[in-house]
Amino acid sequence: MKIALCIPAHRQTEAKFTHCLAAMIAYTMGQQVLFKGELVTPEIETFIVSCSLLTESPNRLVVEAINWEADYMLWMDADHVFPRDALLNLLCRGQLIVGCNYARRLEPTAPTAAVLTEENKKTLVWTTKAKAEAQEMEQVAHVGLGLCLVDMRVYGILELKARDEGKEHFWPLFRIDPTQDGIASIGEDVLYFQKLRDAGIPIYCDHGLSWNVGHLHEQILTNAHAEAQQDKWRHYRKHKLDKFKEAVE
């Protein structure tokens, strides 16, 4: 089993992301998973592409994964944190595409996953604590690509569909289009999933894992925050001192 970790990095990767990435790789390489009827240790390769054109990096990453003859590709954004068993959790779901719902990097925030109504209008999907505790998996129109596992067979499906339609290929997978009113833009991730849905490929959101995924966001801290968190700070300092005393004793 060959798994390509695909990271479109537009600058340096965040330190906390790098820590989670290393922990995930080490943990996954120490496990065996069922693949084609046999227990195997996954072979993992990391691909990072940086390009000034926002849509070019993910297109190139798919090419890298195809050329490496990967069985799966794990989309990862370099500003997310996640548990060490994230990759194995997604593999165990046994779907062609399964990803995570996570908060957008803005305030007020909202989830990235969405479903389409009968009127073809987008409705956001909220990952709740109840859904997470139930380990619920929900079919959606799209998730973000911050942490999303894709079975490489989907690109074969896209290729066959393109041939049936008389096209030479299925590229590009990522592009940015204007909305119908021409005022805003449709994100490249949304159009990627739309192309997959049009080929009959279902997309799932793993609410259990989603609850433990974080999106790193810069926060401005002021004295107002410090004043509001006095009790938490004192508790933190006491706990830290107690742990140090225990270690010394």
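Residues numbered from 1 in each chain as written. Predicted model: local features only at pLDDT ≥ 70, side-chain atom pairs only at ≥ 80, totals over all residues. Heavy atoms only, no water.

Here's the deal with the pattern of salt bridges
- For the coordinates displayed, the defined rule picks out 10 salt bridges.
- The salt bridge partner of aspartate 206 is arginine 93, with a shortest N-O separation of 3.1 Å. Pair noted here: aspartate 206 is in strand 14 (residues 203–206) and arginine 93 is in the loop between helix 3 (86–92) and strand 7 (97–99), with a separation of 113 residues, a long-range link.
- The exposure class of aspartate 206 is buried, given its relative accessible area of 2%.
- For aspartate 231, the salt bridge is made with arginine 234, and the minimal N-O distance between the two is 3.6 Å. In this pair, aspartate 231 and arginine 234 both sit in helix 9 (residues 230–248), 3 residues apart, roughly one turn of the helix. (Salt bridge = Lys/Arg side-chain N within 4 Å of Asp/Glu carboxyl O. Helix = DSSP H or I, 4+ residues; strand = E, 2+ residues; numbered from the N terminus. Buried < 20%, exposed > 50% of the residue type's maximum accessible area, 1.4 Å probe, protein only.)

Looking at the packing of aromatic side chains
- Under the defined criterion, the tally for this structure stands at 9 aromatic pairs.
- Ring plane angle 70° and centroid distance 6.0 Å describe the contact between phenylalanine 17 and phenylalanine 82, whose orientation is recorded as edge-to-face. Highlighted residues: phenylalanine 17 in helix 1 (residues 15–29) and phenylalanine 82 in the loop between strand 6 (80–81) and helix 3, separated in sequence by 65 residues.
- For the ring pair phenylalanine 174 and tyrosine 192, a centre distance of 4.5 Å and an interplane angle of 10° mean the geometry is stacked. Placement of phenylalanine 174 in the loop between helix 5 (153–164) and strand 12 (177–178) and of tyrosine 192 in helix 6 (residues 188–198) is noted, with a sequence separation of 18 residues between them.
- A connected cluster of aromatic rings, assembled from ring pairs, spans Trp75, Phe174, Tyr192 and Phe193.
- Its guanidinium or amino end placed over the ring of tryptophan 68, lysine 2 lies 4.4 Å from that ring's centre, counting from NZ or CZ. (Phe/Tyr/Trp six-rings, centres within 6.5 Å; stacked < 30°, edge-to-face > 60°. Lys NZ or Arg CZ within 6 Å of the ring centre and 35° of its normal.)

Brief notes about the environment of aspartate 164
- Relative to the elements of secondary structure, aspartate 164 occurs in helix 5.
- The spacing of aspartate 164 and glutamine 139 is 25 residues in sequence and 26 Å in space, taken between C-alpha atoms.

Here's the deal with a nonpolar patch on the surface
- Taken together, the side chains of Leu241, Phe244 and Val248 define a hydrophobic patch exposed on the protein surface, amounting to about 320 Å² of accessible area.
- The topology assignment puts valine 248 in helix 9.
- The class for valine 248 is exposed, based on a relative accessible area of 59%. (Patch = residues over 30% accessible without salt bridge, like charges linked within 9 Å, V, L, I, M, F, W, Y side chains within 5 Å. Areas by Shrake-Rupley, 256 points an atom, 1.4 Å probe, with all protein chains shown as cover.)

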